[in-house]
Structure formats: C-alpha cells, structure tokens
Amino acid sequence: MTPSELDRLLSERHSCRAFRPDPVPKAHIEQILTSASRAPSWCNAQPWDIVITSGEETDAFRTALQNEVATGAPKPDLPFPTAYNGVYQARRRDCGWALYEAVGVERGDRAGSARQMMENFALFGAPHCAIISSPADLGPYGAMDCGGFVMAFTLAAKALGVATIPQAAVASYGAFLHRYFDIPDDRLILCAISFGYSDAEHPANGFRTERAGLDEIVSWVG
Ligand SMILES: Cc1cc2nc3c(=O)[nH]c(=O)nc-3n(C[C@H](O)[C@H](O)[C@H](O)COP(=O)(O)O)c2cc1C
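These notes cover the structure that comes with them. (Residues numbered from 1 in each chain as written. Predicted model: local features only at pLDDT ≥ 70, side-chain atom pairs only at ≥ 80, totals over all residues. Heavy atoms only, no water.)

### Section: the nonpolar core
- Counting 21 residues, the largest nonpolar core has Ile132, Phe149, Phe153, Val162 and Phe195 as the members making the most contacts within it.
- Broken down by secondary-structure element, the contributors of at least two residues to this core are helix 2 (26-36), strand 3 (128-135), helix 6 (139-159) and strand 5 (187-198).
- Residues Ala64, Phe121, Phe176 and Ala192 belong to the second largest nonpolar core, which totals 19 residues. (Core = buried A, V, L, I, M, F, W, Y, C linked by side-chain atoms within 4.5 Å. Buried < 20%, exposed > 50% of the residue type's maximum accessible area, 1.4 Å probe, protein only. Helix = DSSP H or I, 4+ residues; strand = E, 2+ residues; numbered from the N terminus.)

### With respect to unusual backbone geometry
- Non-glycine residue leucine 123 carries a positive phi angle of around 55 degrees.
- Inspection of the secondary structure puts leucine 123 in the loop between helix 5 (110-118) and strand 3.
- Relative accessible area serves as the criterion here: at 0%, leucine 123 is assigned to the buried category.
- Positive phi values are uncommon outside glycine, yet aspartate 182 reaches one of about 55 degrees.
- Assignment of secondary structure puts aspartate 182 in the loop between helix 8 (174-181) and strand 5.

### A look at the site of the ligand
- Among the 14 residues in the neighbourhood of the ligand, the closest are listed as Ser15, Arg17, Asn120, Ala168 and Arg211.
- Against a free-state accessible area of 620 Å², the protein chains account for coverage of 67% of the ligand.
- When residues of the shell around the ligand are traced back to their parent elements, those giving at least two are strand 4 (163-167) and helix 7 (168-171).
- No other element matches the three residues that strand 4 contributes to the shell around the ligand.
- When grouped by side-chain class, the residues that make up the shell around the ligand number six nonpolar, five polar and three charged. (Near = heavy atom within 4 Å. Areas by Shrake-Rupley, 256 points an atom, 1.4 Å probe, with all protein chains shown as cover. Nonpolar A, V, L, I, M, F, W, Y, C, P; charged D, E, K, R; others polar.)

### Focus: the pattern of salt bridges
- All told, the structure shown has six salt bridges when counted by the stated rule.
- A salt bridge links arginine 91 to glutamate 216; its shortest N-O distance comes to 3.1 Å. Of the two residues, arginine 91 is situated in helix 4 (residues 86-103) and glutamate 216 in helix 9 (residues 214-217); the sequence distance between them amounts to 125 residues. (Salt bridge = Lys/Arg side-chain N within 4 Å of Asp/Glu carboxyl O.)

### Here we look at the side chain of serine 113
- Looking at where serine 113 falls in the secondary structure, it is placed in helix 5.
- Contact partners of serine 113, with chain neighbours within four places excluded, come to Tyr100 and Val105. (Contact = heavy atoms within 4.5 Å.)

Have a look at this one:
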C-alpha cells in the first residue's frame, strides 16, 4: 500500500449513520477482526473482547436496547466526559450541527435532535453490532489499547467496503449490556461499533467532519 492509498483509506472512512439491512459475510467480519487484532497494546496484552451480533440477534438486541432506553437509566462503565470546553466544545457543536443540518433538524428543534439521537439505539439500522470490552484491572490503558483496536476495525472494514460507527451512546447502558450479553463485571464495556453497508443516499450520511490543522495540535520541539 502506498502512503497516498493509506491516506485515502483514512480520509474516506467516516461514521455511518444509516445502513442498508443486508448482512456482511462472516468471512469478511472475520477478516476485519483479524486485521484489527494487529493493533498495538501495552505488553501485547490485547485486552479487547468483542461480542458480535448478526441477523435476528441484532434485531432482538436493537429492540431490547430501545426498550431499556425507554424504561431504564443510563449507567456507563466508563464515566462520560464531565465537560467539553473551548475548542472541544466548538468541535462537538460543529459536528452535531452538521448532522442536524444534513437530516433537516433546525437549530432549537429539541424534539428533532432527540429523535436523531435515538437513532443510536436503533443502531442506525445496522445489521451487525460489536460490543467492545476491556478488563477492569487494565484501567485506562486497556481502554487506550482498545481505542487502537476500534480504529483498526473501522479501517479494515472500510477496506472491504463495510461502513462503521463507534458508539459511546450504546455503552451508556453498560449495566444492561452486561446482563444482556452475559459480559462479566470484571470487564469494562467501552463502546459499540455498529457496522454494515452504507445507505449512501441517506441524508444522515451526507456530511463529513473537519479536522484541526497541525498548527492547532502539534508543538514542535527542535
Ligand atoms: C469512542 C467513540 C464514540 C463515539 N460515539 C458516538 C455515538 O454514540 N453516536 C454517534 O453518532 N457518533 C459517535 N461517534 C462518532 C463520532 O461522532 C465521529 O467519529 C466524529 O464526529 C468524527 O467523524 P467521522 O468518524 O465521520 O470522521 C463516536 C466515535 C468514537 C471514536
């Protein structure tokens, strides 16, 4: 792979928020997982463990999750960010507004933005969902290693034409996920990745996020 091919893969990956229902062949899911497992981890601990749903089990999970959201309270294993300030708040707003603009939700339309938010719990219509967990003992470094796994997963998927979206929203119902998938309490549920084939014409997929320039993120020393 040339540097420009790698850059194209990185640049063209984006979070997909509307999927077609057709499933990804098992062999391709296995290839994505095998490639993602090449992610580095501290001491090569490879702390990731992945539950993957397919077919009717994805639909059953989607229904159960939506039911949990309607009746239960969020309880993530990892504490959610306490605040987004300054540039982080601005970037968060920009990507939120880009999404709402794409799907026709006007600023101030709280019911509309809540409706779009709830699409998270319908897994954006994806035919598959991966739930990623890490041993609690490994703490933030286990989570960091799994972040690399998530990134590698999204790129390996993209290389096979498979669209993805990492979702903290799903992990906010951590206690429910532990029960539903029988994930032991000594593991932290970090995020989900919904995946499948993009409904490319859907308005929710009709925008792309920006990135800060190097002058904003790098301090050169020497
Ligand atoms: C750990 C993690 C959790 C995320 N959780 C959500 C989520 O719950 N819902 C959502 O719509 N997007 C979620 N995203 C997607 C981000 O909004 C997205 O990556 C970011 O806006 C950059 O856009 P891009 O992925 O299209 O490049 C998450 C991304 C990451 C890495």
